[in-house]
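Residue-level structural notes
These are the residues of each chain, in order.
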Amino acid sequence: MKICFIGAGSLGFTRNLLTDIMSVPELRGAEIAFMDINAHNLEMVTALCQRDLEANGIQTKIQATLDRREAFRDANYVINCVRIGVLEGFTTDVEIPLKYGVDQCVGDTLCIGGIMYGQRVVAAMLDFCKDMREVSAPDVLHLNYSNPNAMATWACNEYGKVPTIGLCHGEMHGEYQIAEALGHKRSELDFICAGINHQTWYISVKKDGVELTPQLLAAYERHPVLSKQEKVRIDIMRRFGYFSTESNGHLSEYLAWYRKREDELADWIDLSVWIHGETGGYLRDCSGRRDWFIQDYPNAMAAPPKVYDGSQRGEEHGSYIIEALQTRRMYRGHFNVVNGGCIANLAPDCIVEVPCYADGNGISVPAVGPLPDGPAAICQQSVNVQRLAVKAAIEGNVWLLKQAALLDPLTGAVCTPREIDQMVDEMLIAQEQWLPQYAGALPQIKKNWAKAEQEGRLIPPKQYTGVRNCE
């Protein structure tokens, strides 16, 4: 068996996932391949993980390569954690829209930042899928951690023709927070969460068979910390009846109501931690940590190696899925999969995040049934945007791309159609190096932009700064 990590140059994530996998005795004989485009980061991660393997008496030699096809060759599992465009592309996802008044906390899933990130990621994912079809094992399973998760997973399954499961830890984080709000241990509660990635809804929370969902709103409203940090999530629960998975900052940018007026934004966010809604908060956090890898690597090498006895195994779904498929031990988690009727009132071709089971028979997706009408309507808005964005990315179709932006809840609430046209053109120009599918359209876009600029017809930027943590 061979397990490949693509985007392996992330020190913490790759090392933790490898620790998870090697904590399963039956998986320790697997071949391991690391692939990244950054040779220096790849070298450091490989050295650190190889030291961990040897310290635990495992003879595996990591195959570290810049050649994606060599990494994929004969792989049974491909774990994908790439960021296409890295920090440079991410900066344009956040800072260009801000010039038009579109205020995002993260900008990697929906809103205009997520739509444009999806264009970059889908283009790359199709190349990944082509390589997997051609050189990986016939039964290869693609485990995708990259955002925008739903768009990427949709593209890989429908257009890339590679079985792909999208994985995210947001739902697990929400379980811990709900348990805290209710005053219980997470292990005491049973959860059913369903929707789409980053807009999933806890439709059932039970303890000893008793439904606790009706108690959630009051629990959050009286909690001394969560009541201040989760204002958007609490307001949505108040209006739609159910708690949504993603953080306050994330959720606020997927909806039309909370970030469209600069003078009211502070009413809905908390600046104690960026994830509660700070303007460009995740970009600021990533920028501040840009060189931490180089700085922290010597410390990691000086610290004791990871231990593979299970005591340091995390909760990310990836290793548990591989364990279940290889050993027939059953695992239940919330995965991103093709709907196919699992959620009855969402489109069958979209990607849903729902309870799933993995065992020796594969991945099983039980029927959830219909979502409550309000949460379903919110999800379907986003599904419409995702479908258009994925098709635009597949075809390099600017017309469909601008339709996706027009229909996005926050982008449409803030911008006029003309502003959206100009903003999308500006972002296409800025991201040209990562958008090969738009090569045919970009020369004319750049020509039109230059002419409009010369004639003074460009819409001037808004004096919009949002709400930022300046510490």
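Predicted model only: the values in this text are computed from it and were never measured.

Let's shift gears to the pattern of salt bridges. Applying the stated criterion across every chain yields a total of 29 salt bridges. For the salt bridge of aspartate 93 with arginine 120, the shortest nitrogen-to-oxygen distance reads 2.9 Å. Here aspartate 93 is found in helix α4 (residues 86–99), whereas its partner arginine 120 is found in helix α5 (residues 111–135), with 27 residues between them in sequence. Take aspartate 93 and arginine 120: they sit in the same class, and that class is buried. Note that glutamate 426 and lysine 99 form a salt bridge whose closest N and O atoms lie 2.4 Å from each other. Of the two residues, glutamate 426 sits in helix α19 (residues 417–430) while lysine 99 sits in helix α4, which places them 327 residues apart along the sequence. When salt bridges that share partners are traced, they join Arg68, Arg69, Lys130, Asp131 and Glu134 into one network.

It is worth spelling out the packing of α4 against α19 at this point. It is at 10 Å that the axes of α4 and α19 come closest, and there the two elements cross at 150 degrees. For the element pair α4 / α19, the angle class is roughly antiparallel. For the pair α4 and α19, the crossing hand works out as right-handed. Taken together, the residues of α19 that come into contact with α4 (itself represented by Thr92, Asp93, Ile96, Pro97 and Lys99) are Met423, Glu426, Met427 and Ala430. Per-class residue counts for the contact of α4 with α19 are five nonpolar, one polar and three charged.

Put simply, the second largest pocket is a space of about 360 Å³. If you go around the second largest pocket, you meet 15 residues; those closest to its centre are Glu175, Arg186, Phe191, Arg332 and Gly333. When residues of the lining of the second largest pocket are traced back to their parent elements, those giving at least two are α7 (170–182), β7 (190–196), α15 (317–327) and β10 (331–338).

What follows deals with the environment of valine 232. Examined against the element boundaries, valine 232 turns out to sit in helix α10 (residues 231–240). When near neighbours in sequence (up to four residues on either side) are disregarded, valine 232 contacts Asn248, Leu251, Ser252, Tyr258 and Trp268.

Counting buried positions along β7 gives five out of seven residues, so the element sits mostly inside the fold. Judged from the seven bridges that link them, β7 and strand β8 (residues 199–207) form a sheet pairing that is antiparallel. Opposite aspartate 190, over in β8, you have lysine 206 as the bridge partner. The antiparallel pairing of β7 with β8 creates a hairpin that spans two residues between the two strands, and histidine 198 there sits at a positive phi of about 70 degrees.

Here we take up the packing of α19 against helix α20 (residues 442–454). Where α19 contacts α20, the axes come no closer than 10 Å and their chain directions differ by 120 degrees. Comparing the axis directions of α19 and α20 gives the class oblique. Relative to α20, α19 is oriented so that their crossing is left-handed. Contact residues: α19 offers Gln422, Asp425, Glu426, Leu428 and Ile429, while α20 offers Leu442, Ile445, Lys446 and Trp449. Among the residues making up the contact of α19 with α20, the classes are represented as five nonpolar, one polar and three charged.

Attention now moves to the pairing of strand β5 (residues 141–144). Burial of β5 is two-sided: the residues Leu141 and Leu143 facing one way and the residues His142 and Asn144 facing the other way are all buried. Bridging between strand β4 (residues 77–80) and β5 involves four bridges; their strand directions are parallel. Following the sheet pairing, tyrosine 77 is matched in β5 by leucine 141. Of the strand pairs in this sheet, β5 and strand β6 (residues 164–166) are connected by three bridges, and their pairing is parallel. Opposite histidine 142, over in β6, you have threonine 164 as the bridge partner.

So, how was this worked out
- Residues numbered from 1 in each chain as written.
- Predicted model: local features only at pLDDT ≥ 70, side-chain atom pairs only at ≥ 80, totals over all residues.
- Heavy atoms only, no water.
- Salt bridge = Lys/Arg side-chain N within 4 Å of Asp/Glu carboxyl O.
- Helix = DSSP H or I, 4+ residues; strand = E, 2+ residues; numbered from the N terminus.
- Buried < 20%, exposed > 50% of the residue type's maximum accessible area, 1.4 Å probe, protein only.
- Axes fitted to C-alpha atoms, helices over the stretch in contact; angles between N-to-C directions.
- Parallel < 35°, antiparallel > 145°, perpendicular 65-115°, else oblique.
- Left-handed = near helix turned anticlockwise from the far one by under 90°.
- Contact = heavy atoms within 4.5 Å.
- Nonpolar A, V, L, I, M, F, W, Y, C, P; charged D, E, K, R; others polar.
- 1 Å grid on protein atoms, 1.4 Å probe; cavity = no way out; pocket = protein on both sides within 12 Å on 5 of 7 lines; lining within 4 Å.
- Points joined across faces, edges and corners; volume = space filled by probe spheres on them.
- Pairing = 2+ DSSP bridges.

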